[in-house]
Amino acid sequence: MSARKIIIDTDPGQDDAVAILLALASPEEIDVLGITAVAGNVPLALTSKNARIVCELAGKPDTKVFEGCDRPMGRELVTAEHVHGKTGLNGPVLPDPVMEVEDQHAVDFIIDTLRAHDAGTVTLCPLGPLTNIGTAFEKAPDIIEKVQEIVLMGGAYFEVGNITPAAEFNIYVDPQAADIVFKSGVPIVVMPLDVTHKALVTKPRNDAFRNLGTKVGTAVAEMTDFFERFDKEKYGSDGAPLHDPCVTAYLIQPELFSGRHINVEIETQSELTMGMTVADWWRVTDRTPNAMFIGDVDADGFFSLLVERLSRL
Ligand code: RIB
Ligand code: CA
């Protein structure tokens, strides 16, 4: 089977970094057409820089990285340095990127790429706030029907919020963009906190990264050493949740994951629950199902895949 063509839309972020590494280590399954940076965990200038740092860490400096929106569609930017550190990639000491960012705006790259490919052949993989995707859909509605699938990290139901009591960070930062995406009619696979909180980098798992004895393995272990503080303190969890790599692992081995095709809508009015993903998990409404909402993962299988693929870089 030919590799799936994807655009990774991202706000690196240590977990975004691991998701990008996994994608770049898997060319048989994933053809990364481009990486589009968006403001999220840290401001755009840093997410753009971090995306390029990760591409060079992977030994893939020819990867095309584009800069997108530097603020949400209708709200002030909220960032997450308290989780990811001031640079957004705290943990390892990595060299500044040599590769340049592309001249084209990320939103125009998304639009042009979808227009240039046959319908149903390009998958969008948002790992941060949905600002670039929502803006592209609003600017060029003709591209919506051309998208093969959106596989995103965001939202929560049973796990509820990680940035407010009700909302997960990616959706909270740009609920307007998320609303556009979830109402677009594009087939969506959602990796919410419900599943990503089951993909925890326990000490044995982090040791497996470190024991690769490679630049990539050591960098990932050091990213996790930093990134895990927040979740360990807040949730008492047994390690850092690898949120975003659930997206790229799904593209490679979807059988690792399970969920339900349900209706998911976004709170965009109430400040109390702004950005909440209102997931009809128990199907108590007659709202039309619009998303495969993932609730479970074979965590051991996920980490075996991750270690094997990272060992290739
Ligand atoms: O809530 C977790 C999500 O927000 C992850 O994508 C993390 O990188 C941040 O963007
Ligand atoms: Ca992210």
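A quick note: this is a predicted structure, and the numbers were derived from the prediction, not measured. Throughout, a residue's number is its position along its own chain's written sequence, starting from 1. As they are written, the chains are lettered A onward and the ligands numbered 1 onward, keeping that order. Restriction of local features to residues with pLDDT of at least 70 applies here, the model being predicted, together with a cutoff of 80 or more for giving and counting side-chain atom pairs; totals for whole chains, interfaces and linings are based on all residues. Side-chain calculation: all heavy atoms of the structure are included, whereas hydrogens and water are not.

Provide a residue-level description of the packing of aromatic side chains, including the pertinent values.
The geometry of two aromatic rings is summed up by the distance between their centres and the angle between their planes. By convention, a stacked pair of Phe, Tyr or Trp rings (six-membered ring in the case of Trp) has centres within 6.5 Å and planes under 30 degrees apart, an edge-to-face pair has planes over 60 apart, and any other such pair is tilted. Under the definition given, this model contains nine aromatic pairs. Taking the centre distance of 6.3 Å and the plane angle of 65° together, the rings of Trp281 and Phe293 count as edge-to-face. Remark: Phe293 occurs in strand E12 (residues 291-297) and Trp281 occurs in the loop between strand E11 (277-279) and E12; sequence separation between them is twelve residues. Taken as a pair, Trp281 and Phe293 share a single burial class, namely buried. With a centroid separation of 5.0 Å and an interplanar angle of 85°, the aromatic rings of Phe302 and Phe303 are classed as edge-to-face. Whether a residue is buried, partly exposed or exposed follows from its accessible area with a 1.4 Å probe, protein chains only, as a fraction of its type maximum: under 20%, in between, or over 50%, in that order. Residue Phe302 is classed as buried on the basis of its relative accessible area, which comes to 1%. Given a relative accessible area of 4%, Phe303 falls into the buried group. Two conditions define a charge located above a ring, namely a distance within 6 Å from the ring centre to NZ of Lys or CZ of Arg, and an angle within 35 degrees of the ring normal. Here the basic side chain of Arg75 rests over the ring of Tyr172, its NZ or CZ set 5.8 Å away from the ring centre. What counts as a helix is a DSSP run of H or I of at least four residues, what counts as a strand is a run of E of at least two, and both are numbered from the N terminus.

Lay out the packing of helix H4 (residues 106-116) against helix H5 (residues 131-139) in plain terms, naming residues and giving numbers.
The convention used is that axes are lines fitted to C-alpha atoms, helices contributing only their stretch in contact, and that angles between N-to-C directions extend from 0 to 180 degrees. Look at H4 against H5: their axes get within 9 Å of each other, and the N-to-C directions meet at 60°. Comparing their axes, H5 and H4 come out oblique. Note on packing geometry: the crossing formed by H4 with H5 is right-handed. Judged by residue contacts, Ala106, Val107, Asp108, Ile110 and Ile111 of H4 engage Asn132, Ile133, Thr135, Ala136 and Lys139 from H5. Just so you know the grouping, Ala, Val, Leu, Ile, Met, Phe, Trp, Tyr, Cys and Pro go in nonpolar, Asp, Glu, Lys and Arg go in charged, and all remaining residues, Gly too, go in polar. Each residue belonging to the contact of H4 with H5 can be placed in one class, and the counts come to six nonpolar, two polar and two charged. Should an angle fall under 35 degrees it is taken as roughly parallel, and over 145 as roughly antiparallel, whereas 65 to 115 is taken as roughly perpendicular and any remaining angle as oblique. Left-handed describes a crossing whose near helix is turned anticlockwise from the far helix through less than a right angle; right-handed describes the clockwise counterpart. By the convention used here, residues are in contact when the closest approach between their heavy atoms is within 4.5 Å.

I'd like a rundown of the nonpolar core, residues and numbers included.
Counting residues in each nonpolar core, the largest one holds 63 residues, and the members touching the most others are Met191, Phe209, Phe257, Phe302 and Leu306. It is helix H1 (residues 14-24) that provides the largest number of residues to this core, a total of eight residues. In this view, Phe257 contacts Met191, Val195, Cys246, Ala249, Tyr250, Ile294, Asp296, Val297 and Phe302; residues no more than four positions away in its chain are not counted. Here, the term nonpolar core denotes a set of buried Ala, Val, Leu, Ile, Met, Phe, Trp, Tyr and Cys residues that are joined through side-chain atoms within 4.5 Å.

Talk me through the site of ligand 1; I want residue IDs and the actual numbers.
What makes a residue near a molecule or strand is one non-hydrogen atom of that residue sitting within 4 Å of it. Surveying the vicinity of ligand 1 reveals 13 residues, the closest of which are Asp15, Asn162, Glu168, Asn170 and Asp244. Within the backbone of Leu127, an N or O atom sits 2.8 Å from an oxygen atom of ligand 1. Within the contact set of ligand 1, an oxygen atom lies 2.7 Å away from a side-chain nitrogen or oxygen of Asp244. We get accessible surface area from the Shrake-Rupley algorithm with a probe of 1.4 Å; when it comes to residues, only the shown protein chains can shield them. Here ligand 1 has 280 Å² of accessible area as a free molecule, and 97% of this is covered by the chains. Contributions of two or more residues to the shell around ligand 1 are made by H1 and helix H6 (169-173). Class assignment of the residues belonging to the shell around ligand 1 gives a composition of three nonpolar, five polar and five charged. Side-chain atoms alone can form a polar contact between residues adjacent in sequence; in general such a contact is a pair of N or O atoms within 3.5 Å, and within protein one must be able to donate a hydrogen while the other accepts it.

Let's hear about the coordination of the calcium ion (ligand 2): which residues, and what values?
Geometrically, a metal with four donors at the corners of a regular tetrahedron has ideal angles of 109.5 degrees, and one with six donors at the corners of a regular octahedron has ideal angles of 90 or 180 degrees. Coordination sphere of the calcium ion (ligand 2), protein contribution only: Asp11 (OD), Asp16 (OD), Asp16 (OD), Leu127 (O) and Asp244 (OD), at 2.3 to 2.6 Å. One chain supplies every donor for the calcium ion (ligand 2), spaced along it as D-x4-D-x110-L-x116-D. Here Leu127 lies in the loop between strand E4 (122-126) and H5 and Asp11 lies in the loop between strand E1 (4-10) and H1, a separation of 116 residues in the sequence. Like Leu127, Asp11 is buried. The donor set comprises N, O and S atoms within 2.8 Å of the metal, extended to 3.2 Å for Na, K and Ca; water molecules are omitted, so apparent gaps in a site may simply reflect that omission.

Geometric descriptors of this kind do not, in isolation, establish any biological role.
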